[in-house]
Amino acid sequence: MRASVGDFVLDVSLGAEGGVLALVGPNGSGKTTALRVLAGALEAEHAQIEVGARVLASAAGDRVPMERRRVGYVPQGYGLFGHLSVLDNVAFGLSLRPHRLARAERHARAQRMLEALHCGELARRPTRGLSGGEQQRVALARALITEPDLLLLDEPLAALDATTRRSVRRYLAEHLPQLCGPCVLVTHDVRDVEAIAEGVVVLERGRVVQRGSLDELRAAPASDFVAEFLGVH
Amino acid sequence: MTRALRAMGGLLGVALVGLLLIPLVALALSASWADLRAGLAHPAFADALLLSLRTTLTSVSITVVLGTPLGWWLASSHSSLSQVVSVAVELPIVVPPAVVGVGLLQAFGAQGLFGPALASLGVVVPFTELAVVLAQLVVASPFFVQAAASAFRKVEPDTLIVARTLGASPVGAFVRVALPIAAPGLLVGVSLAWARALGEFGATLLFAGNMPGRTQTMPLAIFSALESDVQLAVVFSLVLVAVGGLILVGLRWLSRARA
């Protein structure tokens, strides 16, 4: 993916072959921007985005609109719909094209998805009053229910306290590989990468400075940031 | 120290609440049941009340239809144009209603900016029910637009992005996510605009006149009654307090239920 947003230039080739790819980098390196360009929420010039055999955006300017990208997005603040119950949050995507399921069927599937994420008991609750970890699961269930071709997670653990973070990290590590195809995970914590991701891409000022497995990065960190991120000096 | 401060603050608050309630209490105490019966049977009453309800319903409906997209745009745009528009929309709030009335006359009056063109089409605006609606629209809609913009500012952009990635079109995301999240604030805007439209006096008097049965709304009927029969003015005022109070309580309740 090559994309320019305003005067910010992203030059990123993610090339995830399924599995979870971690996107790391200092603040302002373009991680969230990259996710939003992938999701189609940001207009980017010269963006070339392919997911599997599907071209979501071509350098020639063809762009698949957000609603037809089949991309699941879990933003940093989770972005839950405050006016809907947990069940209706999760079922939201099934009410829209191409699914257009009847209410009972939507709810049944949403309930199954919540149970797959071990939080079926949340279904009838309003989103207000959910803990950070609970919100995260609901947002994940909502993103996964439409079976997206690509899942985007923006700092899914950043807003959680240390204890919850550990348990959610374990939980994501267990469930993400079975629940979804390719996934891009933005994080600033090397422990997330160790637990969840198979590969790492390091972004600095909109450019990829290094990519590979954690071991490959540790063997030869390409920049001060990479060394610091990995804790090797 | 904090206790003394709190007591002082409480006292100041009570003083203001008292001041706000005194006119209402005085109104309620100065009308007998006989006055009430006579006032409600007065020929000007039903006409003025119906005209007030009909015109405010119209002007508030137009305000919601035109003001909702404008509020959304003001909330989501960061351009300098939106700053200018925002100020322009707020202007009628600070401009005296009489000035709005003169302005409307200069725009739509027989000698006004658009008067001759409209007259050639056979359309006369001043001193008609349409003029009543226009006057209310100008003075009341800014309250709604302001409330709508601040309600839409509370809608996190991320929720809309998520709705889009789940399959919602831009309009679908607005209708199914932004509108319901902003609904309580929009209803507050509706009640503010409605109250302002219902009480509109100055601009209406200048631009629409005070013709019983045609352009005489409740506030103008009160003004006319005051010249001949104070008790009649008191009864009309009490009815207006009741209607305004009902609208306020009803919309508040709706707004709470939505939030």
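The following paragraphs examine the structure supplied in this document.

### Considering a nonpolar patch on the surface
Residues and elements named next belong to chain B.
Here's step 1: Side chains of Leu16, Val17, Leu19, Leu20, Leu21, Ile22, Leu24, Val25, Leu29 and Val241 sit close together on the surface and give an oily, nonpolar patch of about 960 Å² of accessible area.
Here's step 2: In terms of residue count, helix 1 (residues 2–29) provides more of the nonpolar patch than any other element does, 9 residues in total.
Here's step 3: Tracing the backbone shows Leu21 in helix 1.
Here's step 4: Residue classification places Leu21 among the partly exposed positions, given a relative accessible area of 44%.

### Overview of the packing of helix 3 (residues 43–76) of chain B against helix 7 (residues 129–153) of chain B
Residues and elements named next belong to chain B.
Here's step 1: At a minimum axis separation of 6 Å, helix 3 and helix 7 run at an interaxial angle of 35°. For helix 3 against helix 7, the interelement crossing comes out right-handed.
Here's step 2: Residues belonging to the contact of helix 3 with helix 7 are distributed by class as follows: 15 nonpolar, 10 polar and 3 charged.

### Some words on the environment of Asp161 of chain A
Here's step 1: By the element assignment, Asp161 of chain A lies in the loop between strand 7 (150–154) and helix 5 (162–179).
Here's step 2: The class of Asp161 of chain A is partly exposed, set by a relative accessible area of 45%.

### A few points about the pairing of strand 7 of chain A
All names here are of chain A.
Here's step 1: Taking burial as the measure, the 5 residues of strand 7 include 5 buried ones, the bulk of the element.
Here's step 2: With burial as the criterion, each face of strand 7 is covered, one bearing Leu150, Leu152 and Asp154 and the other bearing Leu151 and Leu153.
Here's step 3: Of the pairings in the sheet, the one linking strand 6 (residues 71–74) to strand 7 comprises 4 bridges and is parallel in character. Pairing of Tyr73 across the sheet is with Leu152, part of strand 7.

### Remarks on the packing of aromatic side chains
Here's step 1: Applying the stated criterion across every chain yields a total of 9 aromatic pairs over all chains.
Here's step 2: Ring centres 4.7 Å apart and planes at 55° place the aromatic pair Phe81 of chain A and Phe92 of chain A in the tilted group. With Phe81 of chain A in the loop between strand 6 and helix 2 (86–91) and Phe92 of chain A in the loop between helix 2 and helix 3 (103–116), this residue pair connects regions lying 11 residues apart in the sequence.
Here's step 3: Given a relative accessible area of 2%, Phe92 of chain A falls into the buried group.
Here's step 4: Here Phe45 of chain B and Phe236 of chain B contribute two aromatic rings whose centre-to-centre distance is 5.7 Å and whose plane-to-plane angle is 35°, an arrangement assigned as tilted. Of the two residues, Phe45 of chain B is situated in helix 3 and Phe236 of chain B in helix 12 (residues 230–258); the sequence distance between them amounts to 191 residues.
Here's step 5: When its relative accessible area of 9% is taken as the criterion, Phe45 of chain B is described as buried.
Here's step 6: Take Phe236 of chain B: its relative accessible area is 1%, and that puts it in the buried class.
Here's step 7: A cation sits over an aromatic face here: Arg137 of chain A above Tyr171 of chain A, 4.0 Å from the ring centre.
Here's step 8: Above the face of the Phe81 of chain A ring, Arg142 of chain A is positioned so that its terminal group lies 4.5 Å from the ring centre.

What counts, and where the lines are drawn
- Residues numbered from 1 in each chain as written.
- Chains lettered and ligands numbered in written order.
- Predicted model: local features only at pLDDT ≥ 70, side-chain atom pairs only at ≥ 80, totals over all residues.
- Heavy atoms only, no water.
- Patch = residues over 30% accessible without salt bridge, like charges linked within 9 Å, V, L, I, M, F, W, Y side chains within 5 Å.
- Areas by Shrake-Rupley, 256 points an atom, 1.4 Å probe, with all protein chains shown as cover.
- Salt bridge = Lys/Arg side-chain N within 4 Å of Asp/Glu carboxyl O.
- Helix = DSSP H or I, 4+ residues; strand = E, 2+ residues; numbered from the N terminus.
- Buried < 20%, exposed > 50% of the residue type's maximum accessible area, 1.4 Å probe, protein only.
- Axes fitted to C-alpha atoms, helices over the stretch in contact; angles between N-to-C directions.
- Left-handed = near helix turned anticlockwise from the far one by under 90°.
- Nonpolar A, V, L, I, M, F, W, Y, C, P; charged D, E, K, R; others polar.
- Pairing = 2+ DSSP bridges.
- Phe/Tyr/Trp six-rings, centres within 6.5 Å; stacked < 30°, edge-to-face > 60°.
- Lys NZ or Arg CZ within 6 Å of the ring centre and 35° of its normal.

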